[in-house]
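Residues per chain, in single letters:
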Amino acid sequence: MVPGFPQQLIPLMPKAAVESSSFDKNSSPASVALVGTIASPSDAVVAFYTSALTAQGFKEVPGSTVGSIKSKDFLRGDNETVNISVVETAGKSTFTIGANVAAGSIK
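All values derive from a computational prediction rather than experimental measurement.

1. Regarding the overall build of the protein
If you tally the helices and strands in the protein, you get one helix and seven strands. Since a compact globule built from 107 residues should have a radius of gyration of about 13 Å, the 13 Å found for the protein is in line with a globular shape. Seen through its C-alpha atoms, the protein measures out along the principal axes to roughly 40 × 30 × 20 Å. Within the protein, buried positions represent 35% of all 107 residues. Within the protein, counting contacts between residues at least 6 apart in sequence, those at least 24 apart form 46% of the total. Counting every atom, the protein has about 5800 Å² of accessible surface; 54% of that belongs to carbon and sulfur.

2. Focus: the nonpolar core
Core analysis: the largest hydrophobic core is formed by 23 residues, its most contacted members being Leu9, Ile10, Val45, Tyr49, Val82, Phe95 and Ile97. Among the secondary structure elements, those contributing two or more residues to this core are strand E2 (30–38), helix H1 (42–54), strand E6 (80–89) and strand E7 (92–101). Setting aside anything within four residues of it in sequence, one finds Ile97 in contact with Ile10, Val32, Ala33, Leu34, Tyr49, Val82, Asn83 and Ile84.

3. Thoughts on the environment of Ile106
In this fold, Ile106 is placed in the segment after E7. For Ile106, a relative accessible area of 17% translates into the label buried. Along the backbone, Ile106 and Glu88 are 18 residues apart, and their C-alpha atoms lie at a distance of 30 Å. Ignoring sequence-local partners within four residues, the contact set of Ile106 consists of Pro6, Leu9, Phe23, Ala30, Val32 and Val101.

4. Quick notes on the pairing of E7
Only one face of E7 is buried, namely the one carrying Ser93, Phe95, Ile97, Ala99 and Val101, since none of Lys92, Thr94, Thr96, Gly98 and Asn100 on the opposite face is buried. When E2 meets E7, the two strands line up antiparallel, connected through nine bridges. Residue pairing in the sheet places Ala33 in a bridge with Gly98 of E7. Note: E6 against E7, nine bridges, orientation antiparallel. The residue of E7 that forms the bridge with Glu88 is Ser93. Hairpin geometry of E6 and E7 is characterised by an intervening segment of two residues between the two adjacent antiparallel strands and by a positive phi of about 50° at Ala90.

Cut-off values and rules
- Residues numbered from 1 in each chain as written.
- Predicted model: local features only at pLDDT ≥ 70, side-chain atom pairs only at ≥ 80, totals over all residues.
- Heavy atoms only, no water.
- Helix = DSSP H or I, 4+ residues; strand = E, 2+ residues; numbered from the N terminus.
- Rg over C-alpha atoms; globule rule 2.2 N^0.38 Å.
- Buried < 20%, exposed > 50% of the residue type's maximum accessible area, 1.4 Å probe, protein only.
- Contact = heavy atoms within 4.5 Å.
- Areas by Shrake-Rupley, 256 points an atom, 1.4 Å probe, with all protein chains shown as cover.
- Core = buried A, V, L, I, M, F, W, Y, C linked by side-chain atoms within 4.5 Å.
- Pairing = 2+ DSSP bridges.

Structure representation (structure tokens):
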């Protein structure tokens with residue numbers, strides 16, 4: 001995990017391994033990205049992050065796939081967005097999360 005990564009905004013799912021992460025608080029909006037893997041079904045990954053994000057005031061945007069890939073978008077206010085996409089292969093899920101949020105909302 002890169003130094004300063006906002007784990008309050010994007011927590012690491014328990015038992016997941018970080019493949020890569022990035023955080024740019026100097027951009028406007030601030031950008032946060034996380035790629036991880038876990039031996040859990042994709043539905044469990046989406047459920048974990050849906051719970052974590054909705055608890056922070058993000059609202060789910062309708063739709064849950066792009067083609068055959070699980071993908072979920074979230075919106076908070078007018079311009080804060082998060083997307084999670086998950087690819088599941090042989091019982092292992094690889095997830096990518098990208099967020100663009102107001103720098104002031106990152107704790």
